[in-house]
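Residue strings, one per chain:
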Amino acid sequence: MASGTQTLRFRRPETSKPTPPQPKRHTGILQDQLRRAARKPWVPDFQTAVRILLLVRVAGAMYSNISDCDEVFNFWEPLHFLQYGHGFQTWEVTPTFAIRSWAYILFHLPAARLSSVFALGKRPAFFAVRIFFAVLSTVCEAKFFRTVVEKINDRVGRYLFFILLFNAGMWNAATAFLPSSFAMYATTLAFAFVLEPSTVQNTRRTLYATLSFASGAIVGWPFALALSLPFVVEELFVVSGDKVDLASHANWMFARWRRLILAGIVSALIFVPVIYIDSVAYGKWTIVPWNIVQYNVFGGSERGPDLYGTSPWYFYVLNLLLNFNIVFVLAFASLPSLVITYYVDHKRLGLTKPRPNESSPYTILALRLAPLYLWTSILTSQAHKEERFMFPAYPLICFNAAITVYLLRGWLEVAYIFVTKSPYKASKSVIFSTTTLCIVLTTGLLSVSRILALWHYYHAPLSLFDRFETIELPRLLNDTGLLPLPPAGVDERDRPNIDLTLLEQFELKLCLGKEWHRFPGHYLVPNVVSIDFVKSDFEGLLPTHFRLGNTGSEPWWDRKGSRNTPPGLNDLNKEVQEYYILVETCDYLVDLDFPLHPTSSRHEPRYAVDEQTWERVACMPFLDASHSSLVTRTLWIPGRWWQSKNEYGDYCLLKNRERVDAKERDAVTRTNGGNSTQRHNISI
């Protein structure tokens, strides 16, 4: 510096770390109009969605009710027969009629046998199968949700996620052992591919969607294939994601038709294992999906589903309002909302006008929304209606509702800008997010309240059979001296499970009268107890026990009773008196009594008040819906005032005093030679 020179030192520039690319926005069919350059709204990724959904679905597996007796007698009982060799058989699972697939039932056997691997017993097997359902539903829902995020809109995906998460309808359907639930999984997975744009190059969409639809129809319920009709129309006739000139239109259509036909041929291969398993199980050549269609559509005037009850046209309106509350209204408002959006918020589905060789985004989105309307129309036109028939469309109800919520948000934005003349103010306003939050939060709270109502009001059958296995049967062992002393020095939590096989000498019979339709299945009853029916006022056909069948040539199918049709089983719903036993021969009886509004008849006396014959082992509250307020029986809210509007009956496990006491005395005599026995204090 003193010499008048200045030294400059140059530092090598540091290499900055490359910033990760931000995910692209506005790639879906629905386009945000405000704050387009802002960061995308939060939505969970696939793994996070799976974790969150799985928590709720597993909770449903553990705590949801069994709402349909068909689930028990047509699926849980045959599965129990496969695993343990006994159970109830309905006419649907006989070789004479064969309208239930043993392939579908066999699919769940590995999950049921997990409990045997770990020596956990029958009750854990029941819940293991339900958790298997929860996992299947979770994966399909998460895949569907992420496709909505990527191909429709971020906000629509977020609305869909929370509607699926808390919805009471999904709570019931996701863990039900029904072909319609399996069809729901398959339809959900199919729509994860259907929502992608259809192009000639996108063969993955066509193949995977067709495979998913076919799986739901062939393995599950064949009528669910109707949900694929808009997809078929789009594949064959709608340009969709392609750009097709008039000169090349014929070649384009040929390529589309050929692709769909090839996908259909590949998907038809699913028939091979299904037909093989069903034919081995029934002991004859059997195509169950065709049998289902034949019985329900071509059964004739003397037989068919109408034998089991008919309902008015508005049945599904009331049922869907019950399970989906305002989501139901939003879902069926989706197509009208799309029409309104076309006129008041046209740019919502794209900033550019489609060219003559392109499909309108409104046409494409309408095809995505159409399956729900088609499915509901088909079911409403049928006289015989059941809640489970709507299961395959449940995720589509949530999807259509999410679309409507987003379109409503768009209308609010348009109205706000029209009034304020300022898109900038609109971009800063919280009115739109607050409105959609209130909608999603309201439906979530209503759904949670409905789920709690189902558990508090109608869970008694499942709880009662748990009480029977974990308290009453160990009590018999304890009172008769058959319960061994626990090992000395072993903590109570580490004691071995109580061995209920010691009760085989009792030959206990548990009977069902008018409550036969709420029986949760043999999985929740120990093998040492036999289940039988006693006569009630019901005059239709009840199931009977599986019989032993003839031997076959397939060693891997060791349950030959599936090849036998017990005498009396018929498809005309005609009662068979031989399936009943005398109530006097029952050791235990499950019955429902309404003390505030008692009713009785010759075949349905009030067993619970006959204290001379029957002792109340356990009684649990069960809602008397006909004498409770409409609102309070639909939803559950804590508090005495709310519950005071409801009336309850007693869902009871009754013990035949004379028979059970006599068996206890005989057991004591055999065990101790007539000497008094020492009772142990047990903690159950």
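Residues numbered from 1 in each chain as written. Predicted model: local features only at pLDDT ≥ 70, side-chain atom pairs only at ≥ 80, totals over all residues. Heavy atoms only, no water.

*Asks:* How would you explain the pattern of salt bridges if you had to name every residue and give the values?
*Replies:* For the coordinates displayed, the defined rule picks out 32 salt bridges. Notably, a salt bridge pairs Arg659 with Asp587, separated by 3.0 Å at the nearest N-O pair. One end of the pair, Arg659, is in helix α24 (residues 657–672); the other, Asp587, is in the loop between β4 (544–545) and β5 (588–593), with 72 residues separating them in the sequence. Classification of Asp587 as buried rests on a relative accessible area of 0%. Here Asp650 and Arg616 are joined by a salt bridge, their closest N and O atoms 3.2 Å apart. You can see Asp650 sitting in strand β7 (residues 648–656) and its partner Arg616 sitting in strand β6 (residues 614–623), a full 34 residues away along the chain. Judged by relative accessible area, Arg616 falls into the partly exposed class, the value being 35%. (Salt bridge = Lys/Arg side-chain N within 4 Å of Asp/Glu carboxyl O. Helix = DSSP H or I, 4+ residues; strand = E, 2+ residues; numbered from the N terminus. Buried < 20%, exposed > 50% of the residue type's maximum accessible area, 1.4 Å probe, protein only.)

*Asks:* Now, about the packing of helix α2 (residues 69–84) against helix α4 (residues 109–117): what can you tell me, with residues and values included?
*Replies:* For the pair α2 and α4, the least separation of the axes is 11 Å and the interaxial angle reads 50°. Taken together, α2 and α4 sit at an angle that is classed as oblique. Judged by the sense of rotation from one axis to the other, the crossing of α2 with α4 is right-handed. Note on element contacts: α4 touches α2 through Leu109, Ala112, Arg113, Ser115 and Ser116, opposite Leu79, Leu82, Gln83 and Tyr84. Broken down by class, the residue content of the contact of α2 with α4 amounts to 5 nonpolar, 3 polar and 1 charged. (Axes fitted to C-alpha atoms, helices over the stretch in contact; angles between N-to-C directions. Parallel < 35°, antiparallel > 145°, perpendicular 65-115°, else oblique. Left-handed = near helix turned anticlockwise from the far one by under 90°. Contact = heavy atoms within 4.5 Å. Nonpolar A, V, L, I, M, F, W, Y, C, P; charged D, E, K, R; others polar.)

*Asks:* Account for the packing of aromatic side chains, naming residues and giving values.
*Replies:* The full count for this structure, using the stated rule, is 55 aromatic pairs. The ring of Tyr84 is capped by Lys122, whose NZ or CZ atom sits 5.5 Å from the centre of that ring. One Lys or Arg, Lys421, reaches over the ring of Phe418 and ends 4.5 Å from the middle of that ring. (Phe/Tyr/Trp six-rings, centres within 6.5 Å; stacked < 30°, edge-to-face > 60°. Lys NZ or Arg CZ within 6 Å of the ring centre and 35° of its normal.)

*Asks:* Kindly report on a nonpolar patch on the surface, identifying the contributing residues and their values.
*Replies:* A cluster of nonpolar residues, Val233, Phe237, Trp257, Ile261, Leu262 and Ile265, forms a patch on the protein surface that exposes about 570 Å² of accessible area. The set of elements that each furnish at least two residues to the nonpolar patch consists of α10 (229–237) and α11 (249–268). Here the nonpolar patch takes 4 residues from α11, the largest share from any one element. On the accessibility criterion, Phe237 (48% relative accessible area) is partly exposed. (Patch = residues over 30% accessible without salt bridge, like charges linked within 9 Å, V, L, I, M, F, W, Y side chains within 5 Å. Areas by Shrake-Rupley, 256 points an atom, 1.4 Å probe, with all protein chains shown as cover.)

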